[in-house]
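One letter stands for each residue in the lines below.
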Amino acid sequence: MTYQKFESLVKKIGHPKSPLDSPISIPSNIHSIDGKKYLVPTLDDLEVDQTGLGPHLYRGGETEALKRLEMKLKRQEWICKFSKPQTSPNSLEPSTTVLSPYLKFGCISPRLFYHKLLSVISGKKHTEPPTSLVGQLLWREFFYTVGSVTPNFDQIQGNKICKQIPWSDDPELLEAWKLGKTGYPFIDAVMTQLRTEGWIHHLARHSVACFLTRGDLWQSWVAGVKVFDEYLLDADWSLNNANWMWLSASSFFYQFQRVYSPIVFGKKTDKNGDYIKKYLPKLKKFPSEYIYEPWKAPLNIQKAAGCIIGQDYPKPIVDHDVVRPRNLERMSLAYKGLPIENSAYSAAASKEDDINTKKRKVVSDSTKSKKQKIERKQKSVASFLKKK
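Since the structure is predicted, the reported quantities are computational estimates derived from the model, not experimental observations.

### Side note on the nonpolar core
Across soluble globular proteins, nonpolar side chains show a tendency to be buried alongside one another.
Working step 1: Core analysis: the biggest nonpolar cluster contains 72 residues, and Trp177, Leu283 and Phe286 have the highest contact counts within it.
Working step 2: Looking at which element gives the most residues to this core, the answer is helix 9 (residues 202-215), with seven residues.
Working step 3: In this structure, phenylalanine 286 is in contact with Lys277, Ile291, Pro294, Ala297, Gln302, Ala305, Cys307 and Ile309, ignoring residues within four places of it in sequence.
Working step 4: Formed by 25 residues, the second largest nonpolar core is a distinct cluster that contains Cys107, Leu117, Leu118 and Val120.

Structure below.
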């Protein structure tokens with residue numbers, strides 16, 4: 001099934017039922033409930049170390065969700081003109097609704113959101129799916145539908161819709177990407193925002209996912225899923241796995257020749273690098289002409305900026321101009337069902353490329369205990385749910 005076929009089917013079925021009205025009273029036959037037993041646990045209750053938490057930007061709960069929804073619905077012209085590809089992945093404030101965490105946690109009804117949108121666009125000129133806001137809700141339902149009927153949807157092996165691409169397994173590269181230490185400022189800024197705030201723009205997710213997989217690092221999309229599931233407030237099993245398959249060109253999307261540049265893509269919407277300077281303050285004194293490629297800055301400029309590349313901020317762990325054509329050839333062979341060793345880049349040459357393009361070593365935390373990993377997930381979720 002494709003999104004287009006799904007959308008056609010939805011049109012035949014018609015609009016979903018309207019949500020039920022909120023109750024105006026509590027039935028008298030409901031027994032008294034000890035409210036203290038059902039309170040959302042605090043960060044202290046979960047024994048979470050709060051020293052590493054970023055700003056608490058997205059308060060949880062239905063009240064907050066409805067407040068944010070009504071705030072967005074007031075922007076009727078913006079809603080009618082909304083087109084996801086035209087929004088900015090690196091604006092200093094979110095350029096989309098950021099209602100996804102509230103949908104994920106059930107704080108807001110997707111039916112309510114859907115019908116509220118219809119009431120705004122009715123009788124007006126407006127954008128259409130798949131790029132409109134209604135289209136975004138349909139993407140959610142599409143991935144839910146495919147995920148519910150596809151065995152091993154979160155894996156490569158045994159997943160009938162997933163291309164069987166032989167990704168590498170390099171914990172050092174994965175860790176550098178996860179911690180925002182790749183040496184590519186746009187990628188590192190996105191990953192820093194993800195770790196500290198629990199949310200990043202959809203197109204920013206596209207860029208870092210492409211970078212980890214087919215674009216640069218050639219690591220498995222399954223590894224990327226786990227990192228997003230750990231940090232994202234809106235991490236949703238079906239959407240997370242589907243989007244990672246999409247961006248790695250393993251399923252849904254097959255134009256693998258289209259690769260996000262870790263340098264050029266961010267410049268389209270933030271030429272001066274204000275987003276990078278916000279999330280990577282070490283680079284804030286670099287001139288705009290070098291902010292996306294600080295390793296190209298002369299040493300005197302690096303010293304003036306107070307940041308020496310290779311010491312205070314890492315050099316690029318791979319050379320995009322080297323690995324991009326190599327990975328394109330790998331993808332071409334994988335799509336044909338041929339071993340990637342048949343590439344003009346032999347296995348030995350590929351290994352040598354990796355050695356030459358890794359510019360520094362990242363300390364891996366692969367030995368961290370299961371408890372620590374769970375704690376990081378609890379930290380992200382509890383921060384979202386915490387009430388003032």
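### Here's the deal with helix 5 (residues 110-121)
Working step 1: Helix length check: helix 5 (twelve residues) gives 17 Å between terminal C-alpha atoms against 16 Å at 1.5 Å per residue, within 8%.
Working step 2: For helix 5, the full list of buried residues reads Phe113, Tyr114, Leu117, Leu118, Val120 and Ile121. Within helix 5, the buried residues cover an arc of 160 degrees as seen down the axis, which keeps them to one side.
Working step 3: For helix 5, the secondary structure elements touched by its buried residues are helix 2 (62-73), helix 3 (76-81), helix 4 (100-104) and helix 6 (133-149).
Working step 4: The N-cap residue of helix 5 is serine 109: its side-chain oxygen and the backbone nitrogen of arginine 111 are 3.1 Å apart.
Working step 5: A positive backbone phi angle near 80 degrees is found at glycine 123, which sits one or two residues after helix 5.

### Here's the deal with unusual backbone geometry
Working step 1: That bond from proline 129 to proline 130 is cis: its omega, 15 degrees, falls within 30 degrees of zero.
Working step 2: Its location among the elements puts proline 130 in the loop between helix 5 and helix 6.
Working step 3: For valine 98, which is not a glycine, the phi torsion comes out positive at approximately 50 degrees.
Working step 4: Mapped onto the elements, valine 98 comes out in the loop between helix 3 and helix 4.
Working step 5: Unusually for a residue other than glycine, tryptophan 218 sits at a positive phi of about 60 degrees.

### Observations regarding the layout of surface pockets
Working step 1: One number sums up the size of the largest pocket: a volume of about 1400 Å³.
Working step 2: As for the largest pocket, its lining consists of 49 residues, and the residues nearest its centre are Lys84, Gln136, His202, His206 and Asn243.
Working step 3: When residues of the lining of the largest pocket are traced back to their parent elements, those giving at least two are helix 4, helix 6, helix 9, helix 11 (237-247) and helix 12 (264-267).
Working step 4: Sort the elements by how many residues they give to the lining of the largest pocket and helix 6 lands first, with seven residues.
Working step 5: In terms of residue class, the lining of the largest pocket is built from 28 nonpolar, twelve polar and nine charged.

### Topic: the pattern of salt bridges
Working step 1: Under the definition given, this model contains nine salt bridges.
Working step 2: Close ionic contact of lysine 267 with glutamate 293 constitutes a salt bridge, the shortest N to O distance being 3.9 Å. Of this pair, lysine 267 sits in helix 12 while glutamate 293 sits in the loop between helix 13 (274-279) and helix 14 (299-305), and the two are 26 residues apart along the sequence.
Working step 3: A salt bridge links lysine 296 to glutamate 293, with the nearest nitrogen and oxygen atoms 2.9 Å apart.
Working step 4: One network of salt bridges, with partners in common, ties together Lys267, Glu293 and Lys296.

### Quick look at the side chain of aspartate 236
Working step 1: On the secondary structure map, aspartate 236 appears in the loop between helix 10 (221-231) and helix 11.
Working step 2: No salt bridge is formed by the buried aspartate 236, whose closest oppositely charged neighbour, arginine 140, lies at an N-O distance of 4.9 Å.
Working step 3: Ignoring any residue separated from it by four or fewer positions in sequence, one finds aspartate 236 in contact with Lys104 and Tyr144.

### Side note on the packing of helix 5 against helix 6
Working step 1: At a minimum axis separation of 10 Å, helix 5 and helix 6 run at an interaxial angle of 155 degrees. Comparing the axis directions of helix 5 and helix 6 gives the class roughly antiparallel. Judged by the sense of rotation from one axis to the other, the crossing of helix 5 with helix 6 is left-handed. Within the contact between the two elements, helix 5 uses Pro110, Phe113, Tyr114, Leu117, Leu118 and Ile121 and helix 6 uses Leu133, Val134, Leu137 and Arg140.
Working step 2: Here the contact of helix 5 with helix 6 is composed, by residue class, of nine nonpolar, no polar and one charged.

### Section: the packing of aromatic side chains
Working step 1: All chains considered together, the criterion is met by 25 aromatic pairs.
Working step 2: Summarising the aromatic geometry, the rings of tyrosine 3 and phenylalanine 142 are spaced 6.0 Å apart at their centres and angled 80 degrees between planes, so their arrangement reads as edge-to-face. In this pair, tyrosine 3 is assigned in helix 1 (residues 3-13) and phenylalanine 142 in helix 6, connecting sequence segments 139 residues apart. For the residue pair tyrosine 3 and phenylalanine 142, the accessibility class agrees, reading buried in each case.
Working step 3: Where phenylalanine 228 meets tryptophan 244, the ring centres are 5.0 Å apart and the plane angle is 70 degrees; that geometry is what we call edge-to-face. Placement of phenylalanine 228 in helix 10 and of tryptophan 244 in helix 11 is noted, with a sequence separation of 16 residues between them. The pair formed by phenylalanine 228 and tryptophan 244 is uniform in burial state, with each residue classed as buried.
Working step 4: Taking NZ or CZ as reference, lysine 104 lies 4.9 Å from the ring centre of phenylalanine 105, over its face.

### Details of the confidence of the model for the protein
Working step 1: This prediction gives the protein a mean pLDDT of 90; 87% of its residues lie at or above 70.
Working step 2: Low pLDDT, under 50, characterises residues 355-370; the stretch is placed with 29 contacts to residues that sit more than four places away or in other chains.

### A few points about the environment of lysine 226
Working step 1: Checked against the element boundaries, lysine 226 lands in helix 10.
Working step 2: In this structure lysine 226 comes out as exposed when scored by relative accessible area, which is 58%.

### Overview of a nonpolar patch on the surface
Working step 1: Taken together, the side chains of Met1, Leu9 and Ile13 make up a nonpolar region of the molecular surface, amounting to roughly 330 Å² of accessible area.
Working step 2: Structurally, the position occupied by methionine 1 is in the segment before helix 1.
Working step 3: By relative accessible area, methionine 1 is classed as exposed at 56%.

Conventions we followed
- Sequence positions are assigned chain by chain, starting from 1 and proceeding in written order.
- Only residues with pLDDT of at least 70 get local features here, since the model is predicted, and only at 80 or more are side-chain atom pairs given and counted; chain-wide, interface and lining totals rely on the full set of residues.
- By convention in this description, side-chain values take in all heavy atoms of the structure and omit both hydrogens and water.
- The definition of a nonpolar core used throughout is a set of buried Ala, Val, Leu, Ile, Met, Phe, Trp, Tyr and Cys residues joined through side-chain atoms within 4.5 Å.
- Burial here depends on accessible area, computed with a 1.4 Å probe over protein chains only, as a share of the maximum for the residue type. Under 20% is buried, over 50% is exposed, and the range in between is partly exposed.
- Secondary structure follows DSSP: runs of H or I at least 4 residues long count as helices, runs of E at least 2 residues long count as strands, and numbering of each begins at the N terminus.
- Note on definitions: a residue-residue contact is assigned when non-hydrogen atoms from the two residues lie within 4.5 Å.
- Expected helix span is given by 1.5 Å per residue-to-residue step, counting one fewer step than there are residues.
- Directions from the helix axis toward the C-beta atoms define the arc.
- For the purposes of these results, a polar contact is taken to be a pair of N or O atoms within 3.5 Å, where, inside protein, one atom must be able to donate a hydrogen and its partner to accept one; residues adjacent in sequence count only when each atom of the pair is a side-chain atom.
- In this analysis the probe radius is 1.4 Å and the grid spacing 1 Å, with only protein atoms considered; a cavity is a set of points the probe fits into but cannot get out of, a pocket is an open set with protein on both sides within 12 Å along at least five of seven lines, and lining residues have an atom within 4 Å of a point.
- Grid points are joined across faces, edges and corners, and a volume is the space filled by probe spheres set on the points.
- For this scheme, ten residues count as nonpolar: Ala, Val, Leu, Ile, Met, Phe, Trp, Tyr, Cys and Pro. Four count as charged, namely Asp, Glu, Lys and Arg, and the remainder, Gly too, count as polar.
- Whenever a carboxyl oxygen of Asp or Glu lies within 4 Å of a side-chain nitrogen of Lys or Arg, that contact is scored as a salt bridge.
- Under the counting rule used here, the positive set is Lys and Arg, the negative set is Asp and Glu, and His together with the chain ends is not counted.
- Under this scheme, a helix contributes an axis fitted over its contacting stretch, all axes are lines through C-alpha atoms, and angles between N-to-C directions fall in the 0 to 180 degree range.
- Any angle that falls under 35 degrees is termed roughly parallel, while one over 145 is termed roughly antiparallel, one within 65 to 115 roughly perpendicular, and all others oblique.
- By convention the crossing between two helices is left-handed if the near helix lies anticlockwise of the far one by an angle smaller than a right angle, and right-handed if it lies clockwise.
- For this analysis, a ring pair means two rings from Phe, Tyr or Trp (six-membered ring only for Trp) whose centres lie within 6.5 Å, classed as stacked if their planes differ by under 30 degrees, edge-to-face if by over 60, and tilted for the remaining angles.
- Whether a charge sits over a ring depends on NZ of Lys or CZ of Arg being within 6 Å of the ring centre and within 35 degrees of the ring normal.
- One confidence number per residue, pLDDT, is output by the predictor and ranges from 0 to 100.
- Excluding any residue in a salt bridge, patches collect residues exceeding 30% relative accessible area, merging like charges within 9 Å and nonpolar Val, Leu, Ile, Met, Phe, Trp and Tyr side chains within 5 Å.
- Every accessible area reported is derived by Shrake-Rupley at a probe size of 1.4 Å, with residue values counting cover from the shown protein chains alone.

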